[in-house]
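Structural description and commentary
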Amino acid sequence: MGLFIILNQHTSLGEHIKVIENGYMHSPLESFHIAHHAKMVPFAGWLMPLSYESERTEHTAVRSKAALFDLSHMGEIVVEGKEASSYLNYHLVSDIGSIEVGRAKYTLCCEPDGSVLEDLIVYRIEDNAYLLIVNASNTHVMAERFSGQHGFDVVAENVSQKYALIALQGPLALKILGTLTDEALPDMKYYSIVQINIRGIQCYIARTGYTGEDGFEILCTVESAETIAELLYSPYGNEESVMLAGLAARDSLRLEAGMALYGNELSREVNPFEAGLGRLVAFSKPETFVGKDALYALKDSEPEKSLVGFEVDSGRPARHGYVVLSPDSLPAGDSIPKDDEDPRTVGVVTSGAVSPTLHKSIGMAYIQKDFCSEGQRIFIKVRDKQESAKIVKLPFYTRKRV
Amino acid sequence: MSVPSNLHYTKDHEWLLPEDANRTRVGITDFAQKALGDIVFVELPAVGSDVAAGDVIAEVESTKSVSEVYSPVSGKVVEVNEGLTAAPESINTDPYDKGWICVIESDAAIDPAEFLSPTDYSSITQN
């Protein structure tokens, strides 16, 4: 057999940053990963674990038990001050001031033209202090965005180099984490955050994630990261064993859950309405915000293109960048035109994979408005073939809530 | 890495199992499946199609790559492993048994001298 395509592993993960050989940033857990046979790959300037053994096994572990992810590449920005709420209301599209202390919100940062600069989670850790978790690829973009005070009484600090972020995701995550905290873990709602010690180590624990499963994200200092990881990780063999999972499993998990990835579903090329995230934009909040006028003009009209889910009939994966075609058949005998010459082009795949949970080829794509309704047939161009597919509702997977 | 002693091999990491009546069962090796990683899709040849040695008979997609499988012999495809449609991961878990790809019927029995022995195949995978 001959290998004829090696797909760019980073593309499916939404990253396009090239780094020189010795120019990577290193996770505080790098030696932990290497000791556990991780396949390390460059990701947004970092060297991070793609997988340890089998991506499929790691994925399944999150759906059925629990797995640990190193998210130390993600950026952390702390915004503090008397006017922190107003300042964030100016920069972000949601009503940040309405978040209760100890709660979190998924939101967007837009440009004046309404395009999406970043998606992020904002945690209100004190009345006048917020923790922002941003994408690794956008940490500098967001640090730059928050570098000016714009007249607000506020201080924003990029603390990404000081903190590690470790996720424990899966139905057993609560039980496992509960055995490790110094005090009993309070009854935490989804999207809440507490400060609590794990075996004497100060941590923030948030009930958030990017897998569609119950789980937690644990923020600790880089110095304590390895101790925390070792405590959470237990090798196979008992019912509560935790697996290690890499970026590949994280990508397939979030895809099943219909969650957007910056660089794939979100970019400067799209606005929140096209991305299906219009509900995050709070036009009614008292402060004006960056992008408000542009977004207001868009809010009542049907977007020209929309992010939708699809399933490929044959089960063949349809990957990032593949072209979506209308269901029109070609005149008999015609060969399939090249990507940029096919007049049937109506969209492009943003993410796609064979779902380890559903055993189907699933994906998300931006498609022109006339071809977005559920059940609509489309073709997806996969190399020299066109694969039949249909539009389906997002998300592909929803966990059973107990 | 497993290299069963009853099979013949190609340098392109296919295995062959001669069966009765000039039939040859074909698959990819343990070494190949490990290199590819988690296999998520297999395109099988049509039963009844004529193939020449070296023709592409299948496409194997993993989470990160797409590979062609070449026919090691000339003949007619008489059976394909339909089980791979629902469970392509059989190639990962059981490359020499449940993960077989197809059976090709030729005019004559294969000549083992045209293929790599288990020992020779093992040595090329170690380089």
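Residues numbered from 1 in each chain as written. Chains lettered and ligands numbered in written order. Predicted model: local features only at pLDDT ≥ 70, side-chain atom pairs only at ≥ 80, totals over all residues. Heavy atoms only, no water.

Details of the overall build of chain B
We count it as follows: Only runs of H or I of at least four residues qualify as helices and only runs of E of at least two qualify as strands under DSSP, and these elements are numbered from the N terminus. The buried label goes to any residue with under 20% of its type's maximum accessible area, the exposed label to any with over 50%, and the partly exposed label to all in between, with areas taken from a 1.4 Å probe on protein chains only. By the convention used here, residues are in contact when the closest approach between their heavy atoms is within 4.5 Å. Accessible surface area values rest on a Shrake-Rupley calculation with a 1.4 Å probe, where residue burial reflects the displayed protein chains alone. The charge count includes Lys and Arg as positive and Asp and Glu as negative, but it does not include His or the ends of the chains. To locate a charge, take NZ of a lysine, CZ of an arginine, CG of an aspartate or CD of a glutamate.
For chain B, the count of helices and strands is four helices and nine strands. Put simply, chain B runs from its N terminus to its C terminus through helices and strands in the order β-β-β-α-β-β-β-β-β-α-α-β-α. Put simply, chain B has 127 residues, and 54% of those count as buried. Once local pairs closer than 6 in sequence are excluded, the contacts in chain B between residues at least 24 apart make up 60%. Surface exposure of chain B reaches about 5500 Å², of which carbon and sulfur atoms provide 50%. Side-chain charges of chain B comprise 7 positive and 22 negative groups, with the mean position of each set lying 4 Å from the other.

Things to note about the overall build of chain A
For clarity, the threshold we go by: For this measure, only C-alpha atoms enter the radius of gyration; the expected value for a globule follows 2.2 Å times N^0.38, where N is the number of residues.
Assigned secondary structure in chain A consists of eight helices and 21 strands. Here the C-alpha atoms of chain A give a radius of gyration of 22 Å, agreeing with the 21 Å that 2.2 N^0.38 yields for 402 residues. Its C-alpha atoms put chain A at 70 × 55 × 45 Å along the principal axes. When each of the 402 residues of chain A is scored for burial, the buried share is 58%. Across chain A, contacts joining residues at least 24 apart in sequence account for 67% of those joining residues at least 6 apart. For chain A, the exposed area adds up to about 17300 Å²; of that, 51% sits on carbon and sulfur atoms.

Some thoughts on the interface of chain A and chain B
Stated formally: The term buried area means the drop in 1.4 Å probe accessible area that two parts suffer when joined, counted for both and summed. Every case where a carboxyl oxygen of Asp or Glu lies within 4 Å of a side-chain nitrogen of Lys or Arg is listed as a salt bridge. Definition of a polar contact: a pair of N or O atoms within 3.5 Å, with one able to donate and the other able to accept a hydrogen when the atoms are protein atoms, and with sequence-neighbouring residues admitted only if both atoms are side-chain atoms. The nonpolar class holds Ala, Val, Leu, Ile, Met, Phe, Trp, Tyr, Cys and Pro. Asp, Glu, Lys and Arg form the charged class, and all remaining residues, Gly among them, are polar.
Between chain A and chain B, the residue contacts involve 20 residues of the former and 24 residues of the latter. Overall, the association of chain A and chain B removes approximately 1900 Å² of surface from exposure, summing both partners, and the carbon and sulfur fraction of that is 48%. Measuring nitrogen to oxygen at the nearest pair gives 3.6 Å for the salt bridge that ties Arg316(A) to Glu61(B). Taken together, chain A and chain B are joined by twelve residue pairs in polar contact (both at pLDDT 80 or more). Only strand 1 (2–6) and helix 2 (55–64) of chain A provide two or more residues apiece to the side of chain A that touches chain B. In terms of residues, the side of chain A that touches chain B owes the most to one element, strand 1 of chain A, which gives five residues. Of the residues that constitute the side of chain A that touches chain B, the class distribution is eight nonpolar, five polar and seven charged.

Describing the nonpolar core
All names here are of chain A. Put simply, the rule is: Only buried residues count toward a nonpolar core. Its members are Ala, Val, Leu, Ile, Met, Phe, Trp, Tyr and Cys residues joined through side-chain atoms within 4.5 Å.
If you look at the biggest cluster of nonpolar residues, it comprises 35 residues, and the most contacted ones within it are Leu168, Leu177, Ile205, Ile228 and Leu232. Sorting the residues of this core by element identifies strand 11 (163–169), helix 5 (173–178), strand 12 (193–198), strand 13 (201–206), strand 14 (215–221) and helix 6 (225–232) as the ones contributing at least two each. Looking at this core, the element that brings in the most residues is helix 6, giving four residues. Counting residues in each nonpolar core, the second largest holds 26 residues, with Val62, Ile121, Ile133 and Ile193 among its members.

Structural notes on the pairing of strand 12 of chain A
Residue and element names in this part refer to chain A. Our working definition: The rule for pairing is simple: two strands pair if DSSP sees at least two bridges between them.
Summarising the sheet, strand 12 and strand 13 pair through six bridges and their orientation is antiparallel. Bridged to Ile193 within strand 13 is Ala206. As consecutive antiparallel partners, strand 12 and strand 13 are separated by two residues, and within that stretch Arg199 has a phi angle of approximately 45°, a positive value.

Topic: the side chain of Asp119(A)
All names here are of chain A. As for its position among the elements, Asp119 is in strand 8 (residues 116–126). Despite being buried, Asp119 has no salt bridge partner; Arg254 is the closest side chain of opposite charge, sitting 8.7 Å away. Here Tyr106 takes part through its side chain, which lies 2.8 Å from a polar atom of the side chain of Asp119. Within the local environment of Asp119, its side chain forms a polar contact with the side chain of Asn135, the two groups lying 2.9 Å apart.

Topic: the sheet that holds strand 11 of chain A
Taken in spatial order, the six strands line up as 12-13-14-11-5-15 (chain A) in an open sheet, and their pairing is mixed. The sheet terminates laterally at strand 12 and strand 15 (243–244) of chain A, the two strands that pair on one side only.

Let's talk about the pairing of strand 6 (residues 75–80) of chain A
All names here are of chain A. Taking burial as the measure, the six residues of strand 6 include five buried ones, the bulk of the element. Inspection of the sheet shows strand 6 paired to strand 9 (residues 129–134) by six bridges, in the antiparallel sense. Residue pairing in the sheet places Ile77 in a bridge with Leu132 of strand 9. Relative to strand 10 (residues 155–158), strand 6 is paired through four bridges, and the arrangement is antiparallel.

Description of the packing of helix 2 of chain A against helix 7 (residues 247–256) of chain A
Residue and element names in this part refer to chain A. Applicable threshold: Interaxial angle, 0 to 180 degrees, is taken between N-to-C directions of lines fitted to C-alpha atoms, where a helix line uses only the stretch in contact. Our angle categories are set so that under 35 degrees counts as roughly parallel, over 145 as roughly antiparallel, 65 to 115 as roughly perpendicular, and the remainder as oblique. Crossing handedness is read from the near helix: turned anticlockwise from the far helix by less than a right angle, it gives a left-handed crossing, and turned clockwise, a right-handed one.
Relative to each other, helix 2 and helix 7 sit at 50°, their axes nearing to 8 Å. Taken together, helix 2 and helix 7 sit at an angle that is classed as oblique. Here the hand of the crossing between helix 2 and helix 7 comes out right-handed. Across the interface between the two elements, Glu55, Glu58, His59, Val62 and Arg63 of helix 2 pack against Ala248, Ala249, Ser252, Leu253 and Glu256 of helix 7. Its residues assigned to classes, the contact of helix 2 with helix 7 comprises four nonpolar, two polar and four charged.

Structural notes on helix 2 of chain A
Turning to helix 2 of chain A, its buried residues number three or more, namely Glu55(A), Glu58(A), His59(A), Ala61(A), Val62(A) and Arg63(A). The N-capping residue of helix 2 of chain A, defined by a side-chain oxygen 3.3 Å from the backbone nitrogen of Arg56(A), is Ser54(A).

Describing helix 7 of chain A
Owing to its 3.6 residues per turn, the α-helix aligns residues three or four sequence positions apart on the same side. Residues and elements named next belong to chain A. Across the ten residues of helix 7, ten count as buried, placing the element largely inside the fold. Restricting attention to buried positions, one finds in helix 7 the residues Leu247, Ala248, Ala249, Arg250, Asp251, Ser252, Leu253, Arg254, Leu255 and Glu256. On its buried face, helix 7 sits against strand 3 (39–43), strand 4 (46–51), helix 2, strand 5 (67–70), strand 18 (345–354) and strand 19 (361–368). Phi for Gly258, located one or two positions after helix 7, is positive at around 70°.

Quick word on the pattern of salt bridges
Scanning all chains against the criterion turns up 33 salt bridges over all chains. Where Arg207(A) meets Asp214(A), a salt bridge forms, and the shortest distance between an N and an O atom there is 2.7 Å. For Arg207(A), a relative accessible area of 12% corresponds to the buried category. One salt bridge connects Lys360(A) with Glu311(A), and the closest N-O pair in it is separated by 3.4 Å. With a gap of 49 residues between them, Lys360(A) in the loop between strand 18 and strand 19 and Glu311(A) in strand 16 (residues 305–312) connect regions that are remote in the sequence. Through salt bridges with shared partners, one network takes in Arg316(A), Arg319(A), Arg383(A), Asp384(A), Lys385(A), Glu387(A), Glu43(B), Glu59(B) and Glu61(B).

A few points about the state of the cysteines
Residues and elements named next belong to chain A. Here is the rule: Note on disulfides: each one is a pair of cysteine sulfur atoms within 2.5 Å.
Counted under the stated rule, the structure contains zero disulfides over all chains. Note on Cys110: no disulfide assigned, nearest cysteine sulfur contributed by Cys109 at a separation of 7.0 Å. Under the relative-accessibility criterion, Cys110 is labelled buried at 0%. Free of any disulfide, Cys203 has its nearest cysteine sulfur in Cys220, 5.2 Å distant.

Remember, this is a structural readout, not a statement about activity or role.
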